[in-house]
Amino acid sequence: MSRIKRAALVGNPNAGKSALFNKLTGARQKIANYPGVTVERKAGRMILPSGEPVELVDLPGAYSFDTASPDEEVTRQIVHGEFEGEPVPDVLILVLDAANLEQHLVFAQEVIALGRPTVVALNMVDLAERDGLTLDPAALSEALGVPVIPTVAVRSRGLAELGEAMSSASQADPADRSRHLDHISLPERRLAAKHMARAAILSRSKRAKVERGLDAVMLNPWAGPIILFAFLFVVFQAVFAWATPFADALEAGVGALSAAVTSNIPDGFFRDFLTEGLFAGVGAVVVFLPQIVILFAFILAMEASGYMARAAFIMDRMMAGVGLSGRSFIPLLSSFACAIPGIMATRAIADPKDRLTTILIAPLMTCSARLPVYAVVIAAVIPARTIGAGIGLQGLVLFGLYIAGIVGAMVAALVLRRSFTKGEASGFIMEMPRYQLPRLRDMAIGLWQRAWVFLRRAGTIIFAATIALWVLLSFPKADPGESQVDASIAGQIGSGVAVLVEPIGFNRDIALSLIPAMAAREVAVSSLGTIYAVESSDEDVVAERVTERIGATWTLPTALAFLAWFVFAPQCLSTIAVAKRETNGWKWPVFMLVYLFAAAYVFAGLTYWIAVAAGLGCR
Ligand SMILES: Nc1nc2c(ncn2[C@@H]2O[C@H](COP(=O)(O)OP(=O)(O)OP(=O)(O)O)[C@@H](O)[C@H]2O)c(=O)[nH]1
Ligand SMILES: [Mg+2]
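All values reported here derive from a predicted model rather than from experimental measurement.

**Comments concerning the UniProt feature "transmembrane region" (unreviewed entry) in the protein**
- Under the feature "transmembrane region" (unreviewed entry), the UniProt entry names residues 222-243, 278-300, 397-416, 453-473 and 590-611.
- For residues 453-473, the helix share is 100%, the strand share is 0%, and the end-to-end C-alpha distance is 28 Å.

**Topic: the site of ligand 1**
- Within the structure, ligand 1 sits among 25 residues, and Lys17, Ala19, Thr38, Asp126 and Arg439 are positioned closest to it.
- A distance of 2.9 Å is found between an oxygen atom of ligand 1 and a backbone nitrogen or oxygen belonging to glycine 16.
- In this structure, an oxygen atom belonging to ligand 1 sits 3.4 Å away from a main-chain N or O atom of asparagine 33.
- With the chains in place, 99% of the 650 Å² that ligand 1 exposes on its own is no longer accessible.
- Elements with a minimum of two residues in the shell around ligand 1: helix H1 (17-25) and helix H4 (125-130).
- Among the elements that make up the shell around ligand 1, the one with the highest residue count is H1 (three residues).
- Split into classes, the residues belonging to the shell around ligand 1 amount to 13 nonpolar, nine polar and three charged.

**Structural notes on the sheet that holds strand E1 (residues 6-11)**
- Taken together, the six strands give an open sheet; going across it, the order is E2-E3-E1-E4-E5-E7, and neighbouring strands pair in mixed fashion. Looking at which strands have only one partner, the edges of the open sheet turn out to be strand E2 (42-47) and strand E7 (148-150). Here the average twist between neighbouring strands, direction ignored, is 30 degrees.
- Judged from the four bridges that link them, E1 and strand E3 (residues 53-58) form a sheet pairing that is parallel. Among the inter-strand pairings, alanine 8 is bridged to a residue of E3, identified as valine 57.
- The strands touched by helix H3 (residues 101-112) within the sheet are E1, strand E4 (91-97) and strand E5 (118-123), with E4 carrying the most contacts at an inclination of about 165 degrees.
- Along the sheet, helix H6 (residues 159-171) contacts E1, E2, E4, E5 and E7; its crossing angle with E5, the most-contacted strand, is approximately 160 degrees.

The rules behind each value
- Residues numbered from 1 in each chain as written.
- Chains lettered and ligands numbered in written order.
- Predicted model: local features only at pLDDT ≥ 70, side-chain atom pairs only at ≥ 80, totals over all residues.
- Heavy atoms only, no water.
- UniProt positions renumbered as here; feature names shortened; annotations may be inferred.
- Helix = DSSP H or I, 4+ residues; strand = E, 2+ residues; numbered from the N terminus.
- Near = heavy atom within 4 Å.
- Polar contact = N/O pair within 3.5 Å; in protein donor to acceptor, adjacent residues only side chain to side chain.
- Areas by Shrake-Rupley, 256 points an atom, 1.4 Å probe, with all protein chains shown as cover.
- Nonpolar A, V, L, I, M, F, W, Y, C, P; charged D, E, K, R; others polar.
- Pairing = 2+ DSSP bridges.
- Axes fitted to C-alpha atoms, helices over the stretch in contact; angles between N-to-C directions.
- Contact = heavy atoms within 4.5 Å.

Shown next, in the form of structure tokens:
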């Protein structure tokens, strides 16, 4: 008996490959309802019903083996056994969207023509049923010459049968598989797909399509953008309004812990480390967990429902205006979470210059690491009141900062496309995924993963950068009456840097916080927390909240300039590292650093001087 060692999931984008992969291996790969989610190979272990272990590889979706984009190239190489260090898979699991059969059968013929042991997972049969389709898997199997197993990946339906079919497929006689599907042209494949789909669909009820009605509104050239804009507006209102009670509770918790430490641990190095470094510093970032969770709840719902691809479609026209296509929109929207997956997602963009431009502007999209920075300053200097119709002023300012990032990105793209990455905008074709209600379980897992990422950052990079700063702030010890910050090594360095940033309205504390914040943006908040705690430790044992100190010591022009700085400043080492990897060298990441820092300096300066000129400087 021949044993299967390796199997690979292939198929069109958004067929449900990763959903199947997760169920078969117990992994938690990202799945979302738009094409181009998976951009690199991921391996996991599945156990066949016979007890045999198999290495299963999840691949990026592809439309054809005539590859256009870097992610499709990975799929082509692995399936053809050309991927370095990876033997050719023993069995291919060809995943088809049952509700989109005709389109998916075009690439399916190319896969089957390879003549390798293949099993078809006819996935999403639940959606096909919802659309009123009755399918005949046997007829499809007959037409394709390979076994066809109906599955519903997200409900684990059909998995055992799929496993059985994999075992027998690897044992089938190779002669059975020669279907002579190769050497036929694309138009011929399209025609054959049409016939096969017709034969496999037994009946099609005339059920009214909810989708079409919905899309008539969602994709309408007038209503579409208004709905998208309104949706984003609600998101940022919610980030402030809904999070407040939770954030307050967390803040009280951190305060109570700090107070408990102060009263139970004797005065000294260790106590200062806990209260000034850990609670005042790292704690100042952790309290933004509720905001992060709310933001991600919206992003995940947008991804799962199928609205993400609609948003890309709506934005395509505007993107074309700056020389990009709607293709760039999804990587850019992913960058709202974090620029790293955003930059990775550009692998789905075929045109190299489109892709490079998108990588270069991705850091301008407001990532979730900026949220604590924005939120802390907004809470400190913008009054928490409504400006009528229940619209919160703080949420409005936050929304404005996100818009500033988007506008900045568009202007940057416009300039880049006429200079460094010159070229025409390429066309945009994307299939619209079906609308689906987000599944609660998937949402919960997604939120948990994001919360965990945030907390892990707090416990690692933010912790390390803050503690390093705290140590530099604590030595040498100040003489009585002298400020500890002024006396410390960090204070000396801060005063040096302050000379550079004073023209744009930054004070010494800001200058000081910007240096460790090169590691990650949130470190600006934890650093300010630690700086203020060190400064106030004599009078006030329990650290004062950062927001109160900022409100009391910064002028409004300074606070606004600080916000403008963070719209542009590329303060994230990991983003630079990923940009280096994805562009194969240092040239573009260095370019990115230079242009973004220059923009940050200019715009922070402009903001400061305009605000001062407008008389906002008076308290
Ligand atoms: N209703 C239903 N939804 C499914 C099924 N399988 C997957 N989905 C959903 O379809 C969407 C796409 O699933 P993915 O697993 O990300 O698709 P993929 O083939 O990996 O897509 P790419 O990585 O872009 O190539 C997700 O929103 C899934 O939750 C299914 O059998 N039924
Ligand atoms: Mg996938």
